[in-house]
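# Survey of secondary and tertiary structure
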Amino acid sequence: MSNSLLSKKRRVSGPDSKLGSNCSPTYSVRFEVPSGPTNGMPKNSETDIDEGLYSRQLYVLGHEAMKHLQTSSVLVSGLQGLGVEIAKNIILGGVKAVTLHDQGTAQWADLSSQFYLREEDIGKNRAEVSQPRLAELNSYVPVSSYTGPLVEDFLSDFQVVVLTNTSLEYQLQVGEVCHSRGIKLVVADTRGLFGQLFCDFGEEMILIDSNGEQPLSAMISMITKDSPGVVTCLDEARHGFESGDFVSFTEVQGMSELNDIHPIEIKVLGPYTFSICDTSNFSNYIRGGIVSQVKVSKKISFKSLLTSMAEPDFVITDFAKCSRPAQLHIGFQALHQFCAQYSRPPRPHNEEDATKLVTLAQTVNTQALPAVQQSSLDEDLIRKLAYVAAGDLAPINAFIGGLAAQEVMKACSGKFMPIRQWLYFDALECLPEDKVTFMEDKCLPCQNRYDGQVAVFGSDLQEKLGRQKYFLVGAGAIGCELLKNFAMIGLGCGEGGEITVTDMDTIEKSNLNRQFLFRPWDVTKLKSDTAAAAVRQINPHIRVISHQNRVGPDTEHIYDDDFFQNLDGVANALDNVDARLYMDRRCVYYRKPLLESGTLGTKGNVQWARDEFEGLFKQPAESVNQYLIDPKFVERTLRLAGTQPLEVLEAVHRSLVLQRPQTWADCVTWAYRHWHTQYSDNIQQLLHNFPPNQLTSSGALFWSGPKRCPHPLIFDINNPLHLDYVMAAANLFAQTYGLTGSQDRVAVTSLLQSLQVPKFIPKSGIKIHVSDQELQSASASVDDNHLEELKATLPSPDKLPGFKMYPIDFEKDDDSNFHMDFIVAASNLRAENYDISPADRHKSKLIAGKIIPAIATTTAAIVGLVCLELYKVVQGHQLESYKNSFINLALPFFSFSEPLAPPHHQYYNHEWTLWDRFDVQGLQPNGEEMTLRQFLDYFKTEHKLEITMLSQGVSMLYSFFMPSTKLKERLDQPMTEIVSHVSKRKLGRHVRTLVLELCCNNESGEDIEVPYVRYIIR
């Protein structure tokens, strides 16, 4: 990058070209529309948010923060691997506009991590080559390139400036301009296995929400009249507040003054208590009340880069390396001096250059102010910085780039606590463990795309990476990032190497915000095929095969013994816990390393409506279809536990007899009556059983604490929510019977006006269960006579030839199918029953659709960490070198820990863990298979173990208490014949081994724990 003086001005036509002077001194998010190229892209409106595209990110940031993003222009300077990673993430995030700046040309070493450079781009300007490829990521974000100097006038057009791969001198010059003009600055740098991040968001940044968590709330049991007043919450759960939080009160009876007061700062006294303001002059507290946390914005201040270098504040990334940030603060300054002095970084693993860097670091340390100066410089750390500083690693860039992009989004939105102000990171554990001195000649550049990585690890590891065979399960957000990193590091890109990726899903619009290998024209295509094709563009040498299979027992004939035994490892990119656990078990069985990563979201309070959906439009239809085709359906249903037989048969009876519609009008009538049942009649019955003033046996009000007293609703044809429910319910009900629905609200309104619902009269003797315990005890007794009556009144299947129902699978993303219309209406009507604030459609979709909130920045950072672990796996590192990682970029918080070794067990003198097993060759030398008798004798003779029970899956093959006749029959049968007979399943030709579980006694007759058996049959 040119070191042009920043005082130079850029000549620009037009009176409004210098926009930076209009920035608010307290909050530098601008709302002007800047001039500049749009690349023909649509301009995004301040209030227009494409929820179809940004849905997962909106659940992380919220609408207000997203609007601030859409009014912020960002400059990214330096388009090597780190710069392109940051640009990719913020373009996906949806800022107003991004300008790419670079005055350098592409070199071979750039291809180690710059995924939008091709081999044919060598010698071309990095920004200009990257611009069209980055612009494809998000049509709402105009992306332009700029190759001139960073002069003051040019910088003033941006809310945020990001510097990567720049000299310290240049950083300081830009930093002073940005700090004086209220422009937020992010400086990011990576050097081999080291990373550095600095943030300066001005002297008065407004922080709207420091953590992004949902505000806490708690129910109140007591408030004292005192100075200060003390609030005690119900002891069912800790309140979770912290001293300094602000809270508001609602529904307090008696001390009603609190309901109207502005947010109050609290002091926590205990897990259930906290103090508030002076309440001594308030009315007496009677009962009830809800206290809710209130997010209050606050100002935070940042030092300039120059000041912060002398007075640094560090964010610790790894608490096992607490002293390293201060050491690296010195080391990076010395490294900048080295690069300025020699016009190059230290040569890879060169002792002479390492010694020079140590000498420079000692000088920097001696001249440093007391706040920075180290009493003892870690010379070994500085030497390692010198060894790898010429390197350029995609995983480090992914991690630091994800963090830097998140800081940009914080700067634009005021959402989440920024890094204050320095962050240093290293992954030195990735270096070879054998401590053998690197041969410098193995780390020299060879003018190929892996030069940046070879500079750190040498050519031997590069060849080994190329030979790896890996199985990637999932091609979503994490899967796309993993494939990109695999391509950049050369995994499976050499002779004998291969990546197999499987994903059965197709691409949806909402995927485009995070799954960066996909484009709008890829929507409806298969994820695995599209991702594989895209990653071949990034590195043409990658050998990738795409499948569309779900992993599980059903595909074990595809992912069989041969498949797994040929693998070097597996990487999970799944959002399904069951599938992740399945792959975990498979990897343990085949003794393959598994790289696991992912994110988990939260769950909320629309779940009742989702259950209602399933109970009305899916489960009854499935049960009816089973009844019609399965002659033993009723018999099997009657064997179900508890009240299930009654519930299932009643649903079938309702669907076929009581409520079967013939016309659309019948469906509307059903929906209208069901509305009354749910939101009026049932509530009236509840209040008949438990009136508002009902007392418990202890004299307390029944409707108190967590139990809110409901009220019935009155149907209002002019209430849009009431009509929404009828429209949605009627259309869904019609769909389950194959009838044609309607969207004509006027016609439905007219029909509703002609309908009458009988006045509901509460019944006596109706039992309502007020706790889960009551419900469970009641489920033990079912009226057999009623079951017989139901059976007798069900129409015979042969009297319904050709009839079937159409179960509805919930689909959240189609706004025309009435699914979310029903969820929103049903949940908000129930909320109205209980005077609870309604949930909007966006929040309802999150909960009902079980959506995991996600954002590209976190995905990139996590995958960077995964691939650092991959380096260790391929090299065969010891357990203590590996890291489990947990990060929360909102706080920001980082936690790295050493994985736990598996528990050790012992029988006799043999120690074993979950990775151990007995391998038993089922096929004998004579060609015949081992019988059960021979199997039992083998363990008695070879291992001195008496087997007391033997099972395969859920099938019991042998037990000491087995009837003698059955035992005699089985003892001389081959093992596979017994397995097939007991499981009632033939073994497929792909099955080469069986997993057998044992219970054993030792020679003393004591029960002991032993590993499982891998019984080899082919």
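Up top is the structure these notes are about.
Throughout what follows, the structure given in this document is the object of discussion.

What counts as what
- Residues numbered from 1 in each chain as written.
- Predicted model: local features only at pLDDT ≥ 70, side-chain atom pairs only at ≥ 80, totals over all residues.
- Heavy atoms only, no water.
- Pairing = 2+ DSSP bridges.
- Helix = DSSP H or I, 4+ residues; strand = E, 2+ residues; numbered from the N terminus.
- Contact = heavy atoms within 4.5 Å.
- Axes fitted to C-alpha atoms, helices over the stretch in contact; angles between N-to-C directions.
- Phe/Tyr/Trp six-rings, centres within 6.5 Å; stacked < 30°, edge-to-face > 60°.
- Buried < 20%, exposed > 50% of the residue type's maximum accessible area, 1.4 Å probe, protein only.
- Lys NZ or Arg CZ within 6 Å of the ring centre and 35° of its normal.
- Polar contact = N/O pair within 3.5 Å; in protein donor to acceptor, adjacent residues only side chain to side chain.
- Patch = residues over 30% accessible without salt bridge, like charges linked within 9 Å, V, L, I, M, F, W, Y side chains within 5 Å.
- Areas by Shrake-Rupley, 256 points an atom, 1.4 Å probe, with all protein chains shown as cover.
- Salt bridge = Lys/Arg side-chain N within 4 Å of Asp/Glu carboxyl O.

## Examining the sheet that holds strand β16 (residues 314–315)
On the basis of which strands lie adjacent, the open sheet formed by eight strands has the order β3-β2-β1-β4-β5-β6-β17-β16 and mixed pairing. If you trace the sheet from one side to the other, it starts and ends with β3 (143–146) and β16, each paired once. One ladder, built from two bridges, connects β16 with strand β17 (residues 422–426); its direction is parallel. By the bridge assignment for β17, V315 is matched with L423. Where helix α4 (residues 126–135) meets the sheet, its contacts fall on β2 (97–101) and β3, and the angle it forms with β3 comes to roughly 175°.

## Regarding unusual backbone geometry
In this chain, R420 is followed by Q421 through a cis amide linkage whose omega measures -20°. Turning to its location among the elements, Q421 is positioned in the loop between α11 (394–413) and β17. The peptide bond linking L891 to P892 adopts the cis configuration, its omega dihedral lying at -15°. On the secondary structure map, P892 appears in the loop between β23 (884–888) and β24 (893–897). Here F818, not a glycine, exhibits a phi torsion of approximately 75°, which is positive.

## Quick notes on the packing of aromatic side chains
Taken as a whole, this structure holds 47 aromatic pairs when the rule is applied. Ring plane angle 85° and centroid distance 5.6 Å describe the contact between F563 and F564, whose orientation is recorded as edge-to-face. Its relative accessible area of 1% is what places F564 among the buried residues. Stacked on the ring of F803, the Lys or Arg R660 has its end atom at 4.1 Å from the ring centre. The cationic tip of R917 hangs over the ring face of Y589; the distance from NZ or CZ to the ring centre is 5.3 Å.

## Here we look at the side chain of S304
Tracing the sequence through the fold places S304 in the loop between β15 (298–300) and α7 (305–310). By relative accessible area, which is 7% here, S304 ends up buried. A polar side-chain atom of S304 sits 3.1 Å from a polar atom in the side chain of T307. Apart from the residues within four sequence positions on either side, S304 is in contact with E176, H179, F198 and D200.

## Description of a nonpolar patch on the surface
Together, F319, F886, L891 and F893 give the surface a local cluster of nonpolar side chains, amounting to about 400 Å² of exposed area. Structurally, the position occupied by L891 is in the loop between β23 and β24. Its relative accessible area of 38% is what places L891 among the partly exposed residues.

## As for the pattern of salt bridges
The final tally for this structure, using the stated rule, is 45 salt bridges. For K303, the salt bridge identified is with E311, shortest N-O distance 3.9 Å. For E311, a relative accessible area of 41% corresponds to the partly exposed category. As a salt-bridge pair, E556 and R586 come within 3.6 Å of each other at their nearest N and O atoms. Separated by 30 residues along the polypeptide, E556 in the loop between β20 (544–547) and α16 (561–565) and R586 in helix α17 (residues 577–590) bring together distant segments of the chain. Judged by its relative accessible area of 24%, E556 falls in the partly exposed class. Within this structure, R344, R347, E352, D353 and K356 form a network of salt bridges that share partners.

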